[in-house]
Each structure stands twice: as structure tokens, then as C-alpha cells.
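Chain and residue survey
One letter stands for each residue in the lines below.
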Amino acid sequence: MTDVSAPELSLPVRSEELLNRLATRRSAPAQQLAAPAPTGEELQTLLTLALRTPDHGKLTPWRLVVLGAQTRAEIVEKLTAMTPRLPDPVKGKAVLSKLANPPLTVLVVSSPVQGHKVPVWEQELSAGAVCMNIEHAANALGYNASWITDWYSFDAEALALFGVKEGEKVAGFIHIGTLPVAPLERPRPAVSDRVEILP
């Protein structure tokens, strides 16, 4: 396996394989993710690559929590008990399968440094970049991934179950595993519709 802990930096070179991965990247339906998922050295590789993200000021304004199946099962049981107070209890309970089913979940918590010259918004964007790095690393290791948030990402009582503290936010739950078949493509925006190129 490639050692990613102390890489030798070099100038980038064109990679058709990477371009193809980026061109075909697609989030997986979290409920359909099954084993296998990264463990051992592969998981360490994934986590190491996740942290190689843009980080203005070198603040590391994020932290990761790897949620094993047992922990998630216990949390899902407690979240289920909270669903009757939601505006749509049936949907609130149904989406918990996204958290319960995948073999591996990495919770990315945005924990910005307050009062620093680097704006909190930039620090939160850095946490989002960590989420995307996890998705790319999972794909590069041969797995599918899904970056999602649901009601429990914003509910104060639910956040306490995940150990999210005051001043922190959930950047995303990254669910990782293997799909039985490739996911379907979805509509993508045209460059001409969303990009302005100035002289």
C-alpha cells in the first residue's frame, strides 16, 4: 500500500485516471451501502488523506469521529425515540436507515477557532473540503461514499448524542461501503449556466 503519512511532494502531472474518477464521481444511496468498507491500513490511509485539505492559517478547524456499527446502533435507538416530536415523524424515522445501514461512517465536525483573523466561514469551508477529501479517498480505495446531513445534524438534543459541542456544527456524515451495482447518474449543471469567464 502507498505510504501517505510522509509523502514526497512533487509537481502535479496529468492523470487520466484521476480525471475519469472526477468525471464519474457519484454519491451513493447511503441505505444501500454494504460491506466491505475500509478497515485497518485502508482506513488509516483514508483518514490521512482526509486531513490533507486547504486550511487557511493552519488552524485544523475540524475533527473526525469514526462511528462504528455498535455506536451507531445505540444512537439510532435514541434518535428513534426523538422522532415523535418532529414535524414529520415517519420521514424522521425513515432517514435513520442512512445512519444505521452503512458499514462505516465518518462524522466530520466543524470546530472553528473563534476570534481568529481567518473568518469562521473560511474555516467551515475547510471542514467541507475534508468531507470531499473523504469521498475522493474512499473512491480511490475502491469504495462508494455518501456525504449527507439529516435532521439529527441540526437538532441540539441529537447533536449531544454525537458529542458535538457548543460552537461546533456537523459538516457531514460520510457513509462508506460497497454498492452491488453502480449508482445511476443524475442531471448535472452545464458549465455555461453556472460559470462566468471574464477576460
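What counts and what doesn't
- Throughout this description, residue numbers start from 1 for each chain and increase along the sequence as written.
- In keeping with the model being predicted, local features are shown solely for residues with a pLDDT of at least 70 and side-chain atom pairs are shown and tallied solely at 80 or more, while totals for entire chains, interfaces and linings include all residues.
- Think of the side-chain values as coming from all heavy atoms in the structure, minus any hydrogens and water.
- Geometry of aromatic contacts follows a simple scheme: Phe, Tyr and Trp rings, the Trp one being its six-membered ring, pair when their centres are within 6.5 Å, and the pair is stacked under 30 degrees between planes, edge-to-face over 60, tilted otherwise.
- Helix and strand assignments follow DSSP, with helices taken as H or I runs no shorter than four residues and strands as E runs no shorter than two, numbered in order from the N terminus.
- Remark: exposure states derive from per-residue accessible area (1.4 Å probe, protein chains only) relative to the maximum for the residue type, with buried under 20%, exposed over 50%, and partly exposed in between.
- Whether two strands pair depends on DSSP finding at least two bridges between them.
- Orientation is described by lines fitted to C-alpha atoms, with helices fitted over the stretch in contact, and by angles between N-to-C directions that extend from 0 to 180 degrees.
- Residues forming no salt bridge and having over 30% relative accessible area are the ones grouped into patches, like charges within 9 Å of each other and nonpolar side chains (Val, Leu, Ile, Met, Phe, Trp, Tyr) within 5 Å.
- Residue-level accessible areas treat just the shown protein chains as cover; the underlying method is Shrake-Rupley with a 1.4 Å probe.
- The term salt bridge refers to a side-chain nitrogen of Lys or Arg lying within 4 Å of a carboxyl oxygen of Asp or Glu.
- Here a helix's expected span is defined as the number of its residues, less one, multiplied by 1.5 Å.
- Two residues form a contact once any of their heavy atoms are found within 4.5 Å.

Examining the packing of aromatic side chains
For the structure shown, the criterion picks out four aromatic pairs. Between tyrosine 152 and phenylalanine 173, the ring centres sit 5.3 Å apart and the planes meet at 75°, which makes this aromatic pair edge-to-face. Here tyrosine 152 is found in the loop between strand S3 (144-148) and helix H7 (156-161), whereas its partner phenylalanine 173 is found in strand S4 (residues 169-177), with 21 residues between them in sequence. Phenylalanine 173 shares its class with tyrosine 152; the two are buried. Each member of the aromatic cluster is reached from another via a ring pair, and the members are Trp151, Tyr152, Phe162 and Phe173.

With respect to the sheet that holds S3
Sheet architecture is open: four strands sit in the order S1-S2-S4-S3, paired in antiparallel fashion. With one partner strand each, in any of the chains shown, strand S1 (62-67) and S3 form the two edges of the open sheet. On average, adjacent strands in this sheet sit at an angle of 20° to one another, irrespective of strand direction. As paired strands, strand S2 (residues 104-110) and S4 are joined by seven bridges and run antiparallel to one another. In the sheet register, threonine 105 faces S4, and the bridge partner there is histidine 175.

Here's the deal with a nonpolar patch on the surface
The grouping of Val191, Val195 and Ile197 at the surface amounts to a nonpolar patch, some 320 Å² of accessible area in total. With respect to the helices and strands, valine 195 occurs in the segment after helix H8 (191-194). Accessibility expressed as a relative area gives 44% for valine 195, which makes it partly exposed.

Remarks on helix H6 (residues 120-140)
Taking 1.5 Å of rise per residue, 21 residues should cover 30 Å, and H6 covers 30 Å from first to last C-alpha, within 8% of that figure. Residues Gln123, Ser126, Ala127, Gly128, Ala129, Val130, Cys131, Ile134, Glu135, Ala137, Ala138 and Asn139 constitute the buried set of H6. Lining the buried residues of H6 we find helix H1 (16-24), helix H2 (40-50), S1, S2, S3 and S4. Phi turns positive one or two residues past the end of H6, at glycine 142, with a value near 95°.

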